[in-house]
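Listed below, chain by chain, are the residues.
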Amino acid sequence: LKVMCYQVMLLLLRADKFKADDNLVEHERLLGKALELGKSMTEKVPFSDESWRMLGAVYSLMGNDLEALAANEEAYRISPKAMKNIRGYVGSLLKTESDIARLLRVIRLARSQFPNNSQLLEIWLDIEMNFGKREEVYVHRRNQYLRKPSDRVNAIKLGLFYVNETPTRELILNPDGSPVH
């Protein structure tokens, strides 16, 4: 299985190089070979999250976002605690915007599983800001600023939050984050 995964990755890298060189015929041919190999992997080892994740990567590079979502969903179903599967599934859910409620559930669960992962934290904050509970983003960013005012990224994003948000009742909070009545 590992060898087949490396073969798919190599085909995808080669396809990308041909695309950069404007050789779209060879690019498409190599993507087709990668797709065949990816499908073959899922047929031979259907219980492997890695084979489904690779198939999702192929579909994604081909621009077939719904098929990529289905493959990444299967990889996540097989192994929901693998960070690669979480990234692939969240990425597909974001790209298709097909099920925002599921996207929020998956990213919140991942955040609880990996509370110290800074990359996952930023993804969670962005998703919450765009689709979920903005007040949680505000509380987190404000508390982070109070703990560590030298964190420039957080300070800038908190400032952007203040500039771009219209105050609503949910965003008027006490210093401890509880709603003002």
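This one's a predicted model, so the numbers in the text were calculated from it and none came from an experiment.

Draft legend 1. How the structure looks around the overall build of the protein chain. In terms of regular secondary structure, the protein chain is built from nine helices and zero strands. Written out in order from the N terminus, the α and β elements of the protein chain read α-α-α-α-α-α-α-α-α. Taking 16 Å as the expected radius of gyration for a compact globule of 181 residues, we find that the protein chain reaches 20 Å, considerably beyond that expectation. Taken along the three principal axes of its C-alpha coordinates, the protein chain extends 60 × 35 × 30 Å. Once local pairs closer than 6 in sequence are excluded, the contacts in the protein chain between residues at least 24 apart make up 49%.

Draft legend 2. Seen up close, the nonpolar core. If you look at the biggest cluster of nonpolar residues, it comprises 20 residues, and the most contacted ones within it are V8, L12, A34, M41, L55 and V58. At the level of elements, α1 (2-20), α2 (24-44), α3 (49-62) and α4 (65-78) are the ones that each hand at least two residues to this core. Those residues in contact with M41 that sit more than four places away from it in its chain are L1, M4, C5, V8, P46, E50, S51 and M54. Judged by nonpolar contacts, the second largest core, of 18 residues, contains L69, I86, W124 and L125.

Draft legend 3. A look at the pattern of salt bridges. The tally for this structure, following the rule as stated, stands at 14 salt bridges. When the shortest N-O distance is used, the salt bridge between D99 and R102 registers 3.5 Å. Judged by relative accessible area, which is 27%, R102 ranks as partly exposed. The salt bridge involving K157 is made with E122; its shortest N-O contact spans 3.3 Å. Of this pair, K157 sits in helix α9 (residues 152-164) while E122 sits in helix α7 (residues 118-131), placing them 35 residues apart in sequence.

Draft legend 4. A look at α4. In a regular helix each residue adds 1.5 Å, so 14 residues correspond to 20 Å; α4 covers 20 Å between its end C-alpha atoms and thus fits that length. Listed in full, the buried residues belonging to α4 are A68, L69, A71, N72, A75 and Y76. Packed against the buried residues of α4 are α3, α5 (83-96) and α6 (100-113).

Draft legend 5. Structural view of the packing of aromatic side chains. On inspection of all chains with the given rule, the structure shows three aromatic pairs. Judged by centre distance (5.5 Å) and plane angle (20°), the rings of Y138 and F161 are stacked. You can see Y138 sitting in helix α8 (residues 134-147) and its partner F161 sitting in helix α9, a full 23 residues away along the chain. Exposure remark for Y138: the relative accessible area of 12% places this residue in the buried category. Looking at F161, the relative accessible area reads 7%, which means it is buried. Aromatic ring contacts, followed pair by pair, group Y138, F161 and Y162 into a single cluster.

Draft legend 6. Up close: the side chain of E50. Among the structural elements, E50 can be located in helix α3. Taking relative accessible area as the criterion, E50 reaches 18% and is therefore assigned buried. With residues up to four places along the chain from it excluded, the contact list for E50 reads L1, K2, C5 and M41.

Conventions adopted
- Residues numbered from 1 in each chain as written.
- Predicted model: local features only at pLDDT ≥ 70, side-chain atom pairs only at ≥ 80, totals over all residues.
- Heavy atoms only, no water.
- Helix = DSSP H or I, 4+ residues; strand = E, 2+ residues; numbered from the N terminus.
- Rg over C-alpha atoms; globule rule 2.2 N^0.38 Å.
- Contact = heavy atoms within 4.5 Å.
- Core = buried A, V, L, I, M, F, W, Y, C linked by side-chain atoms within 4.5 Å.
- Buried < 20%, exposed > 50% of the residue type's maximum accessible area, 1.4 Å probe, protein only.
- Salt bridge = Lys/Arg side-chain N within 4 Å of Asp/Glu carboxyl O.
- Expected span 1.5 Å × (residues − 1).
- Phe/Tyr/Trp six-rings, centres within 6.5 Å; stacked < 30°, edge-to-face > 60°.

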